[in-house]
Amino acid sequence: MMLLSDASCRSRSSGAAVVMAMLLAALAATIAATLLWQQQRWIGEHQHRRDQVQAQALAMAGVQWTRQIVFDNAPAGNVVHLGQPWALRLPAMPIENGSIGGYIVDAQSRLNINNLSTTSTTATSTRAALQRLFAALALPPNLVNTITDWVDADDKTSDPGGAEDAWYLAQPIATLAANAPVRRVGELLLVRDVGPASMARVRPFVAALDAPTAVNVNTAPAEVLAATVAGLDPAAAALLVASRDKTPFTSVADFKARLPRPDLATDETSLDVRSDWFEVSIEAQQGDTLARARALLRRSPTAGEWPVVVWQTVE
Ligand SMILES: [Ca+2]
């Protein structure tokens, strides 16, 4: 056996200690880097979540703000038109850590699908108006029968194209007709033959409101005016829109007087120059997160109160 000198032993022990120290230093550095990465990731996730919550809270606050705008700028019982401040679109305004913007749409500028669920004259004129609208949009007018069956209370199939429980029960995924007014226009995607493509075309011109409503001729787009007044062609409807944007209609009688021909048929109960329903859309950004709030406002039946929020969503 070879005996090592004390000096040699000391030298080897010293070398091992250096190697051990280096390994420990490397291990400590690795642990520190891992901890730092985890902490940064936690902070990042925490900030993202905080921004998301703040953006959603801001968007919801924006909806409350629009209630006051409608209350102050579209007074109950008065003529509602697009020259009033409520109709101004607010572009994305910078705020701390983000921005907020949005707009209000008069829901009575559109044809109310739920009018079809009643048996009033408004239902009859809305059905005729929707058939003209669908034809103008190159959609099958029979779809109006299908939608009528979806929202009307009875189980009698409208011909042609209607569908009640028997048709829905016979599908691979059996369902029933709603037989009740729809709350959101998007629910019509459940209706026979209503697909995303036809929905996209019709969506800007229809609304789903919880009570029978007339079309506000001061806010309706030309397509809706042309559909509402039988015999009014698109070019004449566009001229009417240009005219009312300069001088809003003061009454339904004023609207009728300014039609291009006196013989054009109109159901006066389906027309108005006032509105009680408004759709709101708000976008709020915080950091790199975006929140969208949408809501339907209905004018309060109680004088002096802000409009009621019928429904609202935030995503
Ligand atoms: Ca039905």
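Residues numbered from 1 in each chain as written. Predicted model: local features only at pLDDT ≥ 70, side-chain atom pairs only at ≥ 80, totals over all residues. Heavy atoms only, no water.

Enquirer: Now, about the overall build of the protein chain: what can you tell me, with residues and values included?
Expert: A tally of regular secondary structure across the protein chain gives eight helices and nine strands. In terms of overall dimensions, the protein chain is more spread out than a globule: its C-alpha atoms have a radius of gyration of 32 Å, far above the 20 Å expected for 315 residues. For the protein chain, the spread of C-alpha atoms along the principal axes amounts to about 125 × 50 × 40 Å. The burial tally for the protein chain puts 39% of its 315 residues in the buried class. (Helix = DSSP H or I, 4+ residues; strand = E, 2+ residues; numbered from the N terminus. Rg over C-alpha atoms; globule rule 2.2 N^0.38 Å. Buried < 20%, exposed > 50% of the residue type's maximum accessible area, 1.4 Å probe, protein only.)

Enquirer: Tell me about the sheet that holds strand β2 (residues 98-106), and please be specific about residues and values.
Expert: Pairing is antiparallel in the open sheet, where five strands are placed in the order β1-β2-β7-β8-β9. Either end of the sheet is taken by a strand with one partner, and the two such strands are β1 (90-95) and β9 (308-314). Each adjacent strand pair in this sheet contributes to an overall mean axis angle of 20°, direction not counted. Two elements, β1 and β2, share four bridges in a ladder whose sense is antiparallel. Across the sheet, the residue bridging to Met93 is Ile100, located in β2. (Pairing = 2+ DSSP bridges. Axes fitted to C-alpha atoms, helices over the stretch in contact; angles between N-to-C directions.)

Enquirer: Run through helix α3 (residues 143-151), naming residues and quoting values.
Expert: For α3, a buried count of nine out of nine residues is recorded, marking the element as mostly surrounded by other parts of the structure. All buried positions along α3 are accounted for by Leu143, Val144, Asn145, Thr146, Ile147, Thr148, Asp149, Trp150 and Val151. Each element contacted by the buried residues of α3 is listed here: α2 (121-136) and α4 (165-169). (Contact = heavy atoms within 4.5 Å.)

Enquirer: If you had to explain the nonpolar core to someone new, which residues and values would you point to?
Expert: Grouped together as the largest cluster of nonpolar side chains are 48 residues, with contacts concentrated most on Leu130, Leu133, Phe134, Leu188, Leu225, Leu232 and Phe255. Not counting the four nearest positions on each side in its chain, Leu232 is found in contact with Leu225, Ala226, Ala237, Leu240, Leu259, Pro260 and Leu264. Counting residues in hydrophobic clusters, the runner-up holds 18 residues, among them Ala55, Val63, Ile69 and Val80. (Core = buried A, V, L, I, M, F, W, Y, C linked by side-chain atoms within 4.5 Å.)

Enquirer: Quick one: what's the story with a nonpolar patch on the surface, residue by residue and with numbers?
Expert: Together, Val19, Met20, Leu23, Leu24, Leu27, Ile31 and Leu35 line one region of the surface with nonpolar side chains, adding up to about 700 Å² of accessible area. Along the chain, the position of Leu35 falls in helix α1 (residues 6-73). (Patch = residues over 30% accessible without salt bridge, like charges linked within 9 Å, V, L, I, M, F, W, Y side chains within 5 Å. Areas by Shrake-Rupley, 256 points an atom, 1.4 Å probe, with all protein chains shown as cover. Salt bridge = Lys/Arg side-chain N within 4 Å of Asp/Glu carboxyl O.)

Enquirer: Requested: an account of helix α7 (residues 234-246), with residues and values cited.
Expert: Helix length check: α7, at 13 residues, gives a terminal C-alpha distance of 19 Å against a target of 18 Å (1.5 Å per residue), a fit within 8%. Here α7 has its buried residues at Ala236, Ala237, Leu240, Val241 and Arg244. On an axial view of α7, the arc spanned by its buried residues comes to 145°, and they lie on one face. Away from its buried face by more than 90 degrees, α7 exposes Ala235, Leu239 and Lys246. Elements that come into contact with the buried residues of α7 comprise α6 (222-228) and α8 (252-257). Capping the start of α7, Asp233 holds a side-chain oxygen 3.0 Å from the backbone nitrogen of Ala235, two or three residues further along. (Expected span 1.5 Å × (residues − 1). Arc of directions from axis to C-beta. Polar contact = N/O pair within 3.5 Å; in protein donor to acceptor, adjacent residues only side chain to side chain.)

Enquirer: I'd like a rundown of the side chain of Thr66, residues and numbers included.
Expert: Take Thr66: it is sitting in helix α1. The exposure class assigned to Thr66 is buried, which follows from its relative accessible area of 2%. The contact partners of Thr66, leaving out residues within four places of it in the chain, are Ile104, Val280, Ile282 and Leu297.

Enquirer: Tell me about the coordination of the calcium ion, and please be specific about residues and values.
Expert: For the calcium ion, the full set of protein donor atoms is Asp149 (O), Asp152 (O), Asp152 (OD), Asp154 (O), Glu164 (OE), Glu164 (OE) and Asn179 (OD1), and the range of their distances to it is 2.2 to 2.7 Å. Positions of the donor residues of the calcium ion, expressed as sequence spacing, correspond to D-x2-D-x1-D-x9-E-x14-N. On the accessibility criterion, Asp149 (0% relative accessible area) is buried. Using a relative accessible area of 30% as the deciding quantity, one classes Asp154 as partly exposed. (Donors = N, O, S within 2.8 Å, 3.2 Å for Na, K, Ca; no water.)

Enquirer: I'd like to hear about the pattern of salt bridges, residue by residue, with values.
Expert: For the coordinates displayed, the defined rule picks out 13 salt bridges. With a shortest N-O distance of 3.8 Å, Arg203 and Glu279 are connected by a salt bridge. Here Glu279 lies in strand β7 (residues 277-286) and Arg203 lies in the loop between α5 (196-202) and β4 (206-207), a separation of 76 residues in the sequence. Note on Glu279: relative accessible area 11%, which makes it buried. Connected through shared salt-bridge partners, Arg110, Arg203, Glu279 and Arg294 make up one network.

Everything listed is a geometric property; what it means functionally is a separate question.
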